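# Chain and residue survey
Spelled out, the chains give:
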Amino acid sequence: MRATPTSTATLCLLTLALVGGGAHAAGSLWQRDLKCASEKSERARVICRALEKEMQWAGTGHAMPGLPSFQVTFKSVARVFCRLPIRAEDTPTLVEMGLWHRYAATDSSLRAAQLSRGTTFLLALLGDAGHAHYPSIETLHKPQAWMTDREIDSLRREISDMTDHPASLLSPRSPEYLLKGGCQSIP
């Protein structure tokens with residue numbers, strides 16, 4: 001089939017309509033907007049803004065390339081970890097942020113997934129230093145009705161699995177460990 005000027009113009013208009021509509025639906029996909037003002041504590045807002053600032057432009061998807069967007073990456077998490085810096089005392093804030101954005105966020109954008117990913121990776125970089133500071137449900141800033149100690153324990157096990165696996169970028173035993181040269185090696 002040969003393209004005519006009319007069919008080419010129609011195809012261009014349809015593509016623009018789809019991209020325009022998709023941009024609205026994508027929300028924060030093409031912006032560094034994690035809606036940090038909605039975080040519950042000042043420290044959560046500071047951590048969120050740092051993650052937002054360090055987001056990198058990358059393709060989405062795993063096996064198949066997807067739409068490019070701003071994402072929280074391993075490198076952006078390493079920069080936030082070192083530049084803020086993230087301390088063991090931040091563990092309760094990170095746990096609350098991670099659980100909230102994983103299970104209870106009300107929007108359907110990738111914003112919640114990006115924040116959950118970022119806070120989970122920050123907890124993993126804290127490693128053993130954070131373990132003693134994991135909160136119980138009673139000590140969280142504003143525990144949600146659905147939150148139980150089971151969710152906190154599940155997150156802790158997930159973090160341990162990430163940091164114990166020798167091939168994980170978040171494991172100090174990995175030759176590719178994100179903080180292999182310490183924070184001074186992070187650009």
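Shown above is the structure to which this text applies.
So, here's what we can say about the structure.

Criteria and thresholds
- Residues numbered from 1 in each chain as written.
- Predicted model: local features only at pLDDT ≥ 70, side-chain atom pairs only at ≥ 80, totals over all residues.
- Heavy atoms only, no water.
- Helix = DSSP H or I, 4+ residues; strand = E, 2+ residues; numbered from the N terminus.
- Contact = heavy atoms within 4.5 Å.
- Areas by Shrake-Rupley, 256 points an atom, 1.4 Å probe, with all protein chains shown as cover.
- Expected span 1.5 Å × (residues − 1).
- Buried < 20%, exposed > 50% of the residue type's maximum accessible area, 1.4 Å probe, protein only.
- Salt bridge = Lys/Arg side-chain N within 4 Å of Asp/Glu carboxyl O.
- Phe/Tyr/Trp six-rings, centres within 6.5 Å; stacked < 30°, edge-to-face > 60°.

Looking only at helices and strands, one finds seven helices and two strands in the protein. Listed by position from the N terminus, the elements making up the protein come as α-α-β-β-α-α-α-α-α. In the protein, the proportion of contacts linking residues at least 24 apart, taken out of those at least 6 apart, comes to 60%. Of the roughly 10,700 Å² of accessible surface on the protein, 60% is carried by carbon and sulfur atoms.

As a further point, take helix α7 (residues 149-164). With 16 residues, α7 should cover 22 Å at 1.5 Å per step; its first-to-last C-alpha distance of 22 Å lies within 8% of that length. Here α7 has its buried residues at Glu151, Ile152, Leu155, Ile159, Ser160, Met162 and Thr163.

This next bit is on the pattern of salt bridges. Taken as a whole and judged by the stated rule, the model has ten salt bridges. Its salt-bridge partner being Glu96, residue Lys40 comes within 3.9 Å of it at the nearest N-O pair. Within this pair, whereas Lys40 is found in the loop between α1 (5-26) and α2 (42-54), its partner Glu96 is found in helix α4 (residues 91-104), the two being separated by 56 residues in sequence. As a salt-bridge pair, Arg43 and Asp90 come within 2.8 Å of each other at their nearest N and O atoms. Of this pair, Arg43 sits in helix α2 while Asp90 sits in the loop between α3 (74-83) and α4, and the two are 47 residues apart along the sequence.

Moving on, we get to unusual backbone geometry. With omega at -20°, the peptide bond leading from Leu84 into Pro85 counts as cis. As for its position among the elements, Pro85 is in the loop between α3 and α4.

So, about the packing of aromatic side chains. Following the criterion strictly, the structure yields two aromatic pairs and no others. Measuring from ring centre to ring centre gives 4.7 Å for Phe74 and Phe121, while their planes differ by 20°; the resulting arrangement is stacked. Placement of Phe74 in helix α3 and of Phe121 in helix α5 (residues 111-126) is noted, with a sequence separation of 47 residues between them. For Phe74, a relative accessible area of 28% gives the class partly exposed. The exposure class of Phe121 is buried, given its relative accessible area of 11%.

Mapped onto the secondary structure, Thr73 falls in the loop between β2 (68-71) and α3. A relative accessible area of 13% places Thr73 in the buried class. In this structure the C-alpha to C-alpha distance between Thr73 and Ala58, which are 15 residues apart in sequence, comes to 8.6 Å. Sequence-distant contacts of Thr73, defined by excluding residues within four places in its chain, comprise Gln56 and Arg117.

So far we have only geometry, and geometry alone does not tell us how the molecule works.
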